[in-house]
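Now for the letters of each chain:
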Amino acid sequence: MVQAQPNPTLLTGNLKSISPSKSEQIIQFNHPEKYRTSEWYTGHGEIAASGDGRSFAISASYTLEAEVKLVDGVFEPSNPTLAQVYSSRSRCVAIVDQTVNELYGEQLRRYFEHYEIPLELVVCRAWESDKTPDTVHRLLKFLGKDGCDVSRNEPVLVVGGGVLSDVAGLACALHHRRTPYVMVGTTVVAAIDAGPSPRTCTNGSQFKNSLGAYHPPVLTLVDRNFFRTLATGHVRNGMAEIIKMAITDDGELFELLEQYGSQLLETHFATLGGDEKLAKIADEVIYRALYSYMKHEGTNMFETYQDRPHSYGHTWSPRFEPVAKLMHGHAVTIGMAFGATIAVEIGWLKPTERDRIIALCRSLGLSVYHPILEDIDLMIEGQKNMRRKRGDGGLWAALPTGIGSCDYAQEISPELLQASVASHKQVCSSLPDGGKGKEIYLGDLGLE
Ligand SMILES: NC(=O)c1ccc[n+]([C@@H]2O[C@H](COP(=O)([O-])OP(=O)(O)OC[C@H]3O[C@@H](n4cnc5c(N)ncnc54)[C@H](O)[C@@H]3O)[C@@H](O)[C@H]2O)c1
């Protein structure tokens, strides 16, 4: 006969009142506010003694608060947003992308002078080839004892594109094991995706972005005025990540892109012309993309769950992107268009919906096909890497189930993969240029 076990005693307490327990009990802790390390992070925990005097179990949760804001003229003295973060601190320590420093460094310096906030700034070249552990080490030197000696609750200001947000975010994650940072994304990719993302990283020898830590910025400021000086190829590149959220999560955003995408590209999101209406559309597109992305990514900051629509287009591309030396956005749209063809093959998506996806990418000059897809060994290796990265439970390949929704495929067999490549090649062969986009390689825009 099984005897009912009495429930263990459940207590709440503070650390001082707890002594080692040899009886079965669970104690939950809420640490007093006065001991808090940083204004952005909180946590609580539980310790459960088994009652045998030899073992106990611990569980702890960690909560972080992050905010994302659309702002206008972030370095205009009339905009107090950054000053409000730094004026109560004795300084602002900043990491700034080299090109951004050339274009906006003066304005940034004048901003902090205006508010009489001392600025300690390092300029960092952040090309894709600079996305290395060496760059992270250099930034750590700047943040560390022989540099600015940044404290663990001092928010570092990071200003630049996706490469900088990845490497500088990782340096902040490693410095004191976790130092907050404020992100000002100056490219489309950084504004709506890499900037607020918790996934900080550097490229490793295995595949792109393979070394990293989950460490989102505590505040992300998005100012589309920066897009005025971006090369059009980079604006196009960034729009790939907006299309991704439109396909998997927001059908209305997809329609906005179908209607206004080309104008947004041409005017760099209404910063090089366009009327007031287009400016409003630009803000709406950015807001919707950000909201949709952070709804999924921001509430699942540690990738503890694999229902991640934003991984659409990112299952095979991390393997083939560096090999083909593709711009990230083009690699993603090739991955998305190919994923749409797989979704048709398995009956999740109608061919007309796949064609709409391809048409939208092409209307913006984004690639939908590349011969690298035909390297089946590479594609299978990419799947293998991804399976490990996503936790071995399955492949979790996000694939569309319509315009504005998606699901996750657990298995793509080598046979299905090969058949889908052939079918995708067939679909794209009818396109005038075989599905190739504009300025698709890193070298096209002078970046290696
Ligand atoms: N962590 C994530 O979740 C995530 C998501 C998406 C992409 N990424 C990563 O982001 C990277 C791509 O980012 P990106 O597209 O921003 O490229 P990038 O950071 O290389 O920036 C592109 C170029 O634009 C320059 N630049 C930046 N702002 C400018 C401005 N306002 N005006 C003129 N020039 C400017 C930069 O110096 C650079 O030369 C990839 O490495 C990708 O893996 C990461």
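Predicted model, so just to flag it, every value in this text is computed and none were measured.

**Considering the packing of aromatic side chains**
The full count for this structure, using the stated rule, is 11 aromatic pairs. The interplanar angle of 55 degrees and the centroid separation of 5.8 Å between the aromatic rings of Tyr62 and Phe302 together place this pair among those described as tilted. Placement of the pair is Tyr62 in strand S4 (residues 56-64) and Phe302 in the loop between helix H8 (276-297) and helix H9 (317-324), with a sequence separation of 240 residues. Here the aromatic rings of Tyr214 and Phe302 are separated by 6.1 Å at their centres, their planes lie at 75 degrees, and the arrangement is edge-to-face. Here Tyr214, found in strand S11 (residues 211-214), pairs with Phe302, found in the loop between H8 and H9; they are 88 residues apart in sequence, far enough to count as distant. Of the residues examined, Tyr214 reaches a relative accessible area of 37% and is grouped as partly exposed. An aromatic cluster is present here, built from Tyr41, Tyr62, Tyr214 and Phe302 joined pairwise through their rings. Lying across the ring of Trp127, Arg125 places its NZ or CZ 4.0 Å from the centre. Positioned above the aromatic ring of Tyr41, the side-chain terminus of Arg178 is 4.4 Å from the ring centre.

**Quick word on the domain arrangement of the protein**
By convention, interface size is frequently given as the accessible area that disappears when the constituent parts associate. For the protein, the assigned domains are domain 1 (9-64), domain 2 (67-230) and domain 3 (233-445). Contacts between domain 1 and domain 2 engage 7 residues on the former and 10 residues on the latter. Taken together, both faces of the contact between domain 1 and domain 2 bury some 720 Å²; the carbon and sulfur share is 64%. On the domain 1 side of the interface with domain 2, the three residues burying the most area are Thr37, Trp40 and Tyr41, jointly 72% of the side's total. At the boundary of domain 1 with domain 2, the tally comes to 1 salt bridge. A salt bridge links Arg89 to Glu39; the nearest nitrogen and oxygen atoms lie 2.8 Å apart. Inspection of the domain 1/domain 2 interface yields 2 residue pairs in polar contact (both at pLDDT 80 or more). Across the side of domain 1 that touches domain 2, the residue classes tally to 4 nonpolar, 2 polar and 1 charged.

**As for the layout of surface pockets**
Taken as a whole, the second largest pocket encloses approximately 300 Å³ of empty space. Lining of the second largest pocket is provided by 14 residues; of these, His31, Arg36, Tyr41, Thr42 and Gly43 occupy positions nearest its centre. Residue assignment for the lining of the second largest pocket shows that the elements contributing at least two residues are strand S3 (41-49) and S4. Ranked by residues supplied to the lining of the second largest pocket, first place goes to S3 with 3 residues. Broken down by class, the residue content of the lining of the second largest pocket amounts to 4 nonpolar, 7 polar and 3 charged.

**Looking at the pairing of strand S8 (residues 156-160)**
Every other side chain in a regular strand lies on the same face of the sheet, so the side chains alternate between the two faces. Buried residues dominate S8, accounting for 5 of its 5 residues. Of the two faces of S8, the one carrying Val156, Val158 and Gly160 and the one carrying Leu157 and Val159 are both buried. For strand S6 (residues 92-97) and S8, the ladder comprises 3 bridges, and the chain directions are parallel. Each bridged residue has a counterpart across the sheet, and for Ile95 the counterpart in S8 is Val158. Sheet topology note: the S8/strand S9 (residues 181-185) ladder contains 5 bridges and is parallel. Within the sheet, the bridge partner assigned to Gly160 lies in S9 and is Gly185. For the handedness criterion, the β-α-β arrangement of S8, helix H4 (residues 162-174) and S9 is classed as right-handed.

What counts, and at which threshold
Residues numbered from 1 in each chain as written. Predicted model: local features only at pLDDT ≥ 70, side-chain atom pairs only at ≥ 80, totals over all residues. Heavy atoms only, no water. Phe/Tyr/Trp six-rings, centres within 6.5 Å; stacked < 30°, edge-to-face > 60°. Helix = DSSP H or I, 4+ residues; strand = E, 2+ residues; numbered from the N terminus. Buried < 20%, exposed > 50% of the residue type's maximum accessible area, 1.4 Å probe, protein only. Lys NZ or Arg CZ within 6 Å of the ring centre and 35° of its normal. Domains from an automatic or database assignment. Contact = heavy atoms within 4.5 Å. Buried area = accessible area lost by both parts, 1.4 Å probe. Salt bridge = Lys/Arg side-chain N within 4 Å of Asp/Glu carboxyl O. Polar contact = N/O pair within 3.5 Å; in protein donor to acceptor, adjacent residues only side chain to side chain. Nonpolar A, V, L, I, M, F, W, Y, C, P; charged D, E, K, R; others polar. 1 Å grid on protein atoms, 1.4 Å probe; cavity = no way out; pocket = protein on both sides within 12 Å on 5 of 7 lines; lining within 4 Å. Points joined across faces, edges and corners; volume = space filled by probe spheres on them. Pairing = 2+ DSSP bridges. Right-handed = clockwise from strand over helix to strand, strands pointing away.

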